[in-house]
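# Inside the fold
Listed below, chain by chain, are the residues.
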Amino acid sequence: MSVRHFLTLKDLTSAELQQIMQRGIELKEMHKRGEIYEPLKNQTLAMIFEKSSTRTRISFESGMTQLGGHALFLSSNDTQLGRGEPIEDSARVISSMVDGIMIRTFGHDIVETFAQHSSVPIINALTDDYHPCQLLADMQTYQEHRGSIKGKTVTWVGDGNNMCHSYINAAAQYDFNLRIACPEGYDPNMDLVAEHSARVEIIRNTMDATENTDLVVTDVWASMGQEEEQKLREKAFADYQVNQAVMDNADQNALFMHCLPAHRGEEVTAEVIDASDSVVWDEAENRLHAQKALLEFLMTTAK
Ligand code: CP
Ligand code: NVA
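Keep in mind that what you see is a predicted model, and the values were worked out from it rather than measured.

### Remarks on the overall build of the protein
In terms of regular secondary structure, the protein is built from 12 helices and nine strands. Against the 2.2 N^0.38 benchmark of 19 Å for 303 residues, the protein shows a C-alpha radius of gyration of 19 Å, consistent with a compact globule. The C-alpha extent of the protein, read off along each of the three principal axes, is 50 × 45 × 35 Å. Taking all 303 residues of the protein together, 56% fall into the buried category. Pairs at least 24 apart in sequence give 73% of the contacts found in the protein among residues at least 6 apart. Here the protein has roughly 12,700 Å² of accessible surface; of this, 46% comes from carbon and sulfur atoms. Averaged over its 26 positive side-chain charges, the protein has a centre that lies 5 Å from the centre of its 46 negative ones.

### Some thoughts on unusual backbone geometry
P261 follows L260 through a cis peptide bond whose omega is 5°. Positive phi, close to 70°, is recorded for N42, a residue that is not glycine. Judged by its relative accessible area of 73%, N42 is exposed. At L260, a position not held by glycine, the phi torsion is positive, near 70°. When you line up the elements, L260 lands in the loop between strand 9 (255-258) and helix 11 (270-273). Using a relative accessible area of 9% as the deciding quantity, one classes L260 as buried.

### Thoughts on the packing of helix 1 (residues 14-32) against helix 6 (residues 162-174)
Packed helix pairs are specified by the crossing angle of their axes together with the interaxial distance, meaning the distance between the axes. Interaxial distance between helix 1 and helix 6 falls to 9 Å at its minimum, and their mutual angle equals 95°. Considered as vectors, helix 1 and helix 6 are oriented roughly perpendicular to each other. When helix 1 is examined against helix 6, the residues S14, L17 and Q18 are found in contact with a partner set consisting of A172, Q173 and Y174. Each residue belonging to the contact of helix 1 with helix 6 can be placed in one class, and the counts come to three nonpolar, three polar and no charged.

### A look at the site of ligand 1
Within the structure, ligand 1 sits among S53, T54, R55, T56, R104, H131, Q134, C259, L260 and R287. At 2.9 Å from an oxygen atom of ligand 1 is found a side-chain nitrogen or oxygen belonging to H131. Note that a nitrogen atom of ligand 1 is positioned 3.0 Å from one of the side-chain N or O atoms of Q134. Considering ligand 1 on its own, with 260 Å² of exposed area, one finds that the protein chains cover 96% of that surface. Classifying every residue of the shell around ligand 1 gives two nonpolar, five polar and three charged.

### Regarding the sheet that holds strand 4 (residues 122-124)
Ordered by their spatial adjacency, four strands build an open sheet running 2-1-3-4, and the pairing between neighbours is parallel. Each edge of the open sheet is held by one strand with a lone partner, namely strand 2 (70-75) and strand 4. Sheet twist, expressed as the mean angle between neighbouring strand axes with direction ignored, is 20°. Of the pairings in the sheet, the one linking strand 1 (residues 44-49) to strand 2 comprises six bridges and is parallel in character.

### As for the pattern of salt bridges
Scanning the model with the defined rule gives 17 salt bridges in all. Of the charged contacts in the structure, one is a salt bridge between K28 and E144, with a shortest N-O distance of 2.9 Å. With K28 in helix 1 and E144 in helix 5 (residues 132-146), this residue pair connects regions lying 116 residues apart in the sequence. A relative accessible area of 13% means that K28 is categorised as buried.

### Overview of the pairing of strand 8 (residues 215-218)
Taking every second residue as pointing to the same face, both faces of strand 8 are buried, with L215 and V217 on one and V216 and T218 on the other. Pairing analysis gives four bridges linking strand 5 (residues 153-157) to strand 8, with the strands arranged parallel. Across the sheet, the residue bridging to T155 is V216, located in strand 8. With four bridges connecting them, strand 8 and strand 9 associate as parallel partners. Within strand 9, the position partnered with L215 by the bridge is L255.

### Observations concerning the site of ligand 2
The immediate surroundings of ligand 2 are formed by L126, N161, N162, D219, S223, M224, C259 and L260. Here N162 contributes a side-chain N or O atom positioned 2.8 Å from an oxygen atom of ligand 2. A distance of 2.6 Å is found between a nitrogen atom of ligand 2 and a side-chain nitrogen or oxygen belonging to D219. For ligand 2, the accessible surface in isolation is 270 Å², of which the surrounding protein chains cover 94%. Of the residues in the shell around ligand 2, the class split is four nonpolar, three polar and one charged.

Conventions adopted
- Residues numbered from 1 in each chain as written.
- Chains lettered and ligands numbered in written order.
- Predicted model: local features only at pLDDT ≥ 70, side-chain atom pairs only at ≥ 80, totals over all residues.
- Heavy atoms only, no water.
- Helix = DSSP H or I, 4+ residues; strand = E, 2+ residues; numbered from the N terminus.
- Rg over C-alpha atoms; globule rule 2.2 N^0.38 Å.
- Buried < 20%, exposed > 50% of the residue type's maximum accessible area, 1.4 Å probe, protein only.
- Contact = heavy atoms within 4.5 Å.
- Areas by Shrake-Rupley, 256 points an atom, 1.4 Å probe, with all protein chains shown as cover.
- Lys, Arg positive; Asp, Glu negative; His and termini not counted.
- Charge placed at Lys NZ, Arg CZ, Asp CG, Glu CD.
- Axes fitted to C-alpha atoms, helices over the stretch in contact; angles between N-to-C directions.
- Parallel < 35°, antiparallel > 145°, perpendicular 65-115°, else oblique.
- Nonpolar A, V, L, I, M, F, W, Y, C, P; charged D, E, K, R; others polar.
- Near = heavy atom within 4 Å.
- Polar contact = N/O pair within 3.5 Å; in protein donor to acceptor, adjacent residues only side chain to side chain.
- Pairing = 2+ DSSP bridges.
- Salt bridge = Lys/Arg side-chain N within 4 Å of Asp/Glu carboxyl O.

As structure tokens, then:
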């Protein structure tokens with residue numbers, strides 16, 4: 001069987017994503033019961049980080065341990081990748097020694113090139129364009145709190161960034177409608193929006209976009225690599241804060257999500273993120289369970 005990669009949500013079918021979500025829920029229950037389950041014994045996941053991380057590193061590293069395998073943390077600064085060894089060569093060499101590779105980097109083309117030259121599954125753990133692993137956790141979290149997201153309305157508030165792009169893909173794969181409230185100049189990739197125009201729309205006004213919605217999601221205004229734009233972005237996004245008025249405008253059962261790390265007082269108020277309809281802590285924990293299901297799917301079926 002050919003090697004499967006996970007660079008965006010579109011690398012798996014809707015049915016496979018549902019299967020991974022159900023499996024994530026099961027693996028979570030097994031873990032809470034203290035059940036030992038080690039299908040990845042003697043397997044190694046290489047984890048290449050060119051950007052910072054708390055949740056992604058810890059969830060993949062703990063997940064591999066819990067599945068009976070091993071995770072290898074590789075900071076690009078401490079490998080030859082950081083000194084300019086070609087991605088093609090690195091992919092061939094690293095994949096000859098491990099069973100899976102997780103990469104967090106800048107350009108999405110880097111993970112694509114890695115995948116083209118790797119003999120083992122490549123997992124995108126965030127690029128400038130997509131963050132599909134976070135969506136596995138978000139979709140599991142919605143399912144656990146409110147049941148199926150199919151046919152629901154989700155509102156993305158803020159930057160048209162990597163998370164927003166993964167929400168656009170998720171709208172298609174999990175079958176929900178997506179409203180995107182973002183200021184002009186900070187739109188997501190409009191080709192991607194056009195491709196999904198039947199279920200994705202841009203609405204400039206935050207209140208219009210969140211009216212009666214089932215899920216409100218936001219993210220930082222300046223992503224990793226955009227730190228010097230922070231002040232400029234604070235001005236541009238001033239009307240795109242998720243505050244209590246925005247949540248009150250949503251459906252009374254609406255949930256709030258944020259991939260974290262969050263900046264209280266910027267994209268979200270402390271009142272909202274620390275409220276009972278905010279599920280950010282479950283969302284963060286579910287990175288572990290959802291990715292264990294992904295690792296099991298990719299690393300046992302690839303054999
Ligand atoms: N949400 C997320 O990917 O968090 P980290 O940057 O801490 O990994
Ligand atoms: N959009 C954010 C997500 C962090 C998990 C970033 O890319 O920095």
